[in-house]
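Structural description and commentary
For reference, the chains in residue letters:
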Amino acid sequence: MADDRGEGLELMCLLDSVQGLVDALTCIRWKRHQDAICELSEHGVVIMVEEWSCLQARVYFRKELFRTYVYQADVRPRFGVSLGLLVDSLSTFTSSTGTAALELQYPGPDMQLLLKSIDANETCMYAEIRTRIPDTIPRDFSTDEDNASSPQSFAVKSAALKEAIDDLEWPGSSVKISLCPEPPSVIFRAEGHGDLQIDFLYNAQADLFITFQCSHPTSHNYKYKFLKATTSNIPAHILKDNRGSKVTVSNTGLLKVQHLIPVRLAPAQQQIDPSANQQQSRVSYIEFYVLPEEENDPEMP
Amino acid sequence: MKFKAFLTNHGVSLLERRFIPAFEKIGKSCHLYLTPEHVILLHNVLNSNGVQAVAQFKKEALFEDYRISSQNEDRIAFTIDLALFARALRSSISMDGDKLQVKLVKKRAVAVERAMPYLSLESMGHRTAVVQDVPISNPLSRTDVHELQTALDMAQDLPRTLVQVPDLHLLQNLANRLKNVGEILEIGITQYGDFHLHISTSLVTIGSEFRKLRVLGVRADGGVLDGAVSASARLEQALQRGEASAVQVSMKHFVKSLQCQLTKPDTSFYGIGQNDSSLTMIFQFFVPGSRQMDDSISLHYRLPVLDPGLS
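Summary of the structure given here. Being a predicted model, the structure only gives us computed values, none of them experimental.

With that settled, consider unusual backbone geometry. Going from Y106(A) to P107(A), the amide bond is cis rather than trans, its omega being -10°. By the element assignment, P107(A) lies in the loop between strand 7 (102-106) and strand 8 (113-118). The residue after E182(A), namely P183(A), is reached through a cis peptide bond having omega -5°. Topologically, P183(A) is positioned in the loop between strand 11 (174-180) and strand 12 (185-191). The backbone of E73(B) sits at a positive phi, close to 50°, despite the residue not being glycine. Structurally, E73(B) can be placed in the loop between strand 5 (63-69) and strand 6 (76-81).

Here it is, written out as structure tokens:
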């Protein structure tokens, strides 16, 4: 890797598990044409998509998930790319059964994102994805620093959360999420053509919850289509794995849904690389931010 | 015009399990062309705007006791609905007898005035016999049969260079993913044994290069190429040296043609026809249990080129 081709590159990295990146990006692909913003830093790669300025999703792919990660830029590069194209192109690289790593480089001569992999029998795959200068800077959402009081949160199995949100589809467009400390519970209530309430009761369904943290009752309304985007695109094989999903609600009602997506090496690579046994650390983080509906939220900037 | 023969068990399974399912993926019906020596399935050969497929069997590969006669040099051709043909073959398997007679008949259905042609399959069990009539078109005219024969003869013109492509499953996986990226696929084949797949749109260029594959026909030494440059630059060099061809085909056609793997070919060769006229795929089958080529079966596909004269 340390040849002269590296000159002028801000990022050059090798990724073993392309499927992990494809899975993570698939989770935030809620429609066919989406513009994503990709930010590179010394910590890793962040890919963001934003919509109607009230829904934002971020995929964090830390540098530890790469086999090598060489970052050399003074200012964090940020570029726009079509998310669908990125996912489709990356998934092309998963078709080969070989153990070849994917080489990612940025920027190419024309500011492209360059992908390449060469496997043992000299089969080569390559892609150059056109990037553009982003016209907006993604909003910085945060659920922790807005107030002294700790945010309300709970974590449940991802599949359970997805199932609940899927079930809330039929009644209508708005879903109220309430957290209640006594008895500890989370209530999803959708009203519209009909109404439907789903209760997650901490005491009765202990195996459902991973954590539950709530000091005072809160409740906020969210548009169903935004809520749905937070879980509807998780690939089935990731759901089967059923890691937790953490839901946090800030004082202003900003909802944060965080998923952990396992980034596995192919079985053949695990044998080669003994350090790959530490599967726990091999996860990428996905975060969704959903703003509550207006009437509950007069203080929004 | 007479045709009567007995399909062997092997013949039934070849057709029902392998060749008809593969042909069904590219179209509903095909021509069945019977000659004194061969039985040929031809798909889409009389027009040039889709995937063409031709499977030719020596009569012994499918039939025994094969009798054919017609005034057109004992050749008969007609179109047949593949789904109906497959269904008739499938249900004949469930009979416990070992004789499956196939013959051409004309029958008058109740409400119809004129007698209609059928391919009649009669499976004879120990106690019962089941007759299934598969409707077919009227036999093709002398000129049409001649055209089919010309198409067959043309298929003997092999591309000058053929490369043996790797595992078809792998190629299918790749094509299924590439089809999300673009609709036009560029295929390059060099005399050094390199096989290129390439898509280029306004937003992305993406491709794959398989190198050092087995070459049949005209070959050249690839050592002259600069190994350090990119795959597409390598193809460009080869094209300039006149040691490669590249054509554009429809991604949809390419994906469809990969369904040929349902016929379970043992080796697959790809080549570009003369004057970049088409992309040709030739499949070979081994005699079961050996690595010897079974010359009683041949199969080839041909994809139309989107813009001949380009490249």
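The rest of the description comes next.
Once that is clear, we can look at the interface of chain B and chain A. Chain B puts 22 residues into the contact, and the matching count from chain A is 20 residues. Regarding the contact of chain B and chain A, the summed buried area is about 1,800 Å², with carbon and sulfur atoms giving 53% of it. For the chain B face of the interface with chain A, the top three residues by lost area are R177(B), L203(B) and I206(B), together amounting to 26%. Summed over the shared surface of chain B and chain A, the number is zero salt bridges.

As a further point, take the sheet that holds strand 9 (residues 129-135) of chain B. Residue and element names in this part refer to chain B. The five strands are arranged 5-1-7-8-9 in an open sheet whose pairing can be described as antiparallel. Each end of this open sheet is capped by a strand with a single partner; those strands are strand 5 and strand 9. For this sheet, the mean inter-axis angle between neighbouring strands, taken without regard to orientation, is 20°. Both strand 8 (residues 116-124) and strand 9 contribute to a ladder of seven bridges, which runs antiparallel.

Residue and element names in this part refer to chain A. Considering all chains together, one arrives at 26 salt bridges over all chains under this definition. Where K228 meets E169, a salt bridge forms, and the shortest distance between an N and an O atom there is 3.8 Å. Here the residue K228 occupies a position in helix 4 (residues 224-229), and E169 occupies one in the loop between helix 3 (158-167) and strand 11, the gap between them amounting to 59 residues. For E169, a relative accessible area of 44% puts it in the partly exposed group. With its nearest N and O atoms 3.0 Å apart, the salt bridge here joins R189 to E191. Under the relative-accessibility criterion, R189 is labelled partly exposed at 26%. What you see here is one network of salt bridges that share partners, running through E39, E42, R76 and R78.

Calculation criteria
- Note that residues are indexed from 1 along each chain, following the sequence as it is written.
- Working convention: letters from A go to chains and numbers from 1 go to ligands, in the order in which they are written.
- Where local features are concerned, this predicted model is filtered to residues with pLDDT of at least 70; where side-chain atom pairs are given and counted, the filter is 80 or more; whole-chain, interface and lining totals use all residues.
- Side-chain calculation: all heavy atoms of the structure are included, whereas hydrogens and water are not.
- Where helices and strands are cited, they refer to DSSP runs of H or I of at least four residues and of E of at least two residues respectively, numbered from the N terminus.
- The contact definition used throughout considers only heavy atoms, calling two residues in contact when any of these lie within 4.5 Å.
- We define buried area as the total accessible area lost by two parts upon association, computed with a 1.4 Å probe and summed across both.
- By convention in these notes, a salt bridge is any Lys or Arg side-chain nitrogen within 4 Å of a carboxyl oxygen on Asp or Glu.
- In this scheme, strands are said to pair when DSSP sees at least two bridges between them.
- Working convention: axes come from line fits to C-alpha atoms, limited for helices to the stretch in contact. Angles between N-to-C directions cover 0 to 180 degrees.
- Only protein chains enter the area calculation, which uses a 1.4 Å probe; residues under 20% of their type maximum are buried, those over 50% are exposed, and those in between are partly exposed.

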